[in-house]
Amino acid sequence: RRDNMHNAQRRPSGRVDGEQEEQTKTPAVGSRSGRTRPHHMSRVPRGGPAIALGLTTTVTLSAIFYSHFAQVRDKAAMRAGVERDRERIRLKRKLEREGGR
């Protein structure tokens, strides 16, 4: 073999002509049968990313709308409090004027 390697030409892969590459078969991720498939293929369903995007969008929009309507409700409650205070002050001044005569 040493003589063959001396006379043989090396390829860029480091393999000598005539040698065979070892075939490494790695089992597929999550595969029970031991069948192989390319690493770029995963077990994610075709609609999985679309479902995730839809769910994320729905949750985000729901949070935005809830926050908006909560702010509107709080603003209305604060405005009603200001109106009650104004009415209370008006009645207090009216009673002071009538009581002072």
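Above this text sits the structure in question.
Residues numbered from 1 in each chain as written. Predicted model: local features only at pLDDT ≥ 70, side-chain atom pairs only at ≥ 80, totals over all residues. Heavy atoms only, no water.

### Concerning the overall build of the protein
Keep this limit in mind: Secondary structure follows DSSP: runs of H or I at least 4 residues long count as helices, runs of E at least 2 residues long count as strands, and numbering of each begins at the N terminus. Only protein chains enter the accessibility calculation, which uses a 1.4 Å probe; a residue whose area is less than 20% of its type maximum is buried, one above 50% is exposed, and one in between is partly exposed. For every accessible area listed, the method is Shrake-Rupley and the probe measures 1.4 Å; residues are considered covered only by the protein chains on display.
Helices and strands together make up the secondary structure of the protein, namely two helices and zero strands. Burial statistics for the protein: of 101 residues in total, 4% are counted as buried. Roughly 10100 Å² of accessible area belongs to the protein as shown, and the carbon and sulfur atoms make up 55% of that amount.

### Comments concerning the pattern of salt bridges
Convention followed: What makes a salt bridge here is a side-chain nitrogen of Lys or Arg within 4 Å of a carboxyl oxygen of Asp or Glu, nothing more.
Summed over the entire model, instances satisfying the criterion amount to four salt bridges. Here E83 makes a salt bridge to R86, at a shortest N to O gap of 3.9 Å. Of this pair, E83 and R86 both sit in helix α2 (residues 48-99), three residues apart, which is roughly one turn of the helix. Residue classification places E83 among the partly exposed residues on the basis of a relative accessible area of 38%.

### Considerations on a nonpolar patch on the surface
Condition: Nonpolar side chains (Val, Leu, Ile, Met, Phe, Trp, Tyr) are joined into patches within 5 Å and like charges within 9 Å, using only residues with over 30% relative accessible area and no salt bridge.
A surface patch of nonpolar side chains, about 420 Å² in accessible area, is lined by L61, I64, F65 and F69. By the secondary structure assignment, L61 is in helix α2.

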